[in-house]
Amino acid sequence: MSLSDNEPKQAWESKINWTQIVAVLAMGLTMFGIDLDPDIQQRLAVTISSLAAAITIIWRTWYTSKKIV
């Protein structure tokens with residue numbers, strides 16, 4: 001078994017990259033852009049990072065486009 005010789009995707013086409021970019025922007029707004037109660041800020045930061053990790057795992061596990069030849 002070998003992986004096909006398809007051209008790799010460009011970085012901007014990656015669902016995983018977009019997931020991480022959105023997570024970083026959301027974390028930045030949570031920590032530095034929005035004036036929130038520290039407890040809510042902490043809970044929101046943990047929630048965003050946990051969701052980003054879970055979505056990245058889902059993209060990488062079930063939604064890859066590699067074809068085995």
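Here's what I pulled together on the structure shown here.

On inspection of all chains with the given rule, the structure shows one salt bridge. Salt-bridge contacts for Asp39 lead to Arg43; the nearest nitrogen and oxygen are separated by 3.1 Å. Of this pair, Asp39 and Arg43 both sit in helix H2 (residues 38-62), four residues apart, which is roughly one turn of the helix. A relative accessible area of 37% means that Asp39 is categorised as partly exposed.

Look at helix H1 (residues 15-33): 25 Å from first C-alpha to last across 19 residues, which is about the 27 Å you get at 1.5 Å a residue. If you follow the buried residues of H1, they end up packed against H2. Between the side-chain oxygen at the start of H1 and the backbone nitrogen of Ile16 there is a gap of 3.3 Å, and the oxygen is on Ser14.

Right, let's get into the side chain of Ser14. Tracing the chain through its elements places Ser14 in the segment before H1. A polar contact of 3.3 Å, which involves the side chain of Ser14, links it to the backbone nitrogen of Ile16. Polar contacts involving the side chain of Ser14 include one to the main-chain amide nitrogen of Asn17, which spans 3.2 Å.

Calculation criteria
Residues numbered from 1 in each chain as written. Predicted model: local features only at pLDDT ≥ 70, side-chain atom pairs only at ≥ 80, totals over all residues. Heavy atoms only, no water. Salt bridge = Lys/Arg side-chain N within 4 Å of Asp/Glu carboxyl O. Helix = DSSP H or I, 4+ residues; strand = E, 2+ residues; numbered from the N terminus. Buried < 20%, exposed > 50% of the residue type's maximum accessible area, 1.4 Å probe, protein only. Expected span 1.5 Å × (residues − 1). Contact = heavy atoms within 4.5 Å. Polar contact = N/O pair within 3.5 Å; in protein donor to acceptor, adjacent residues only side chain to side chain.

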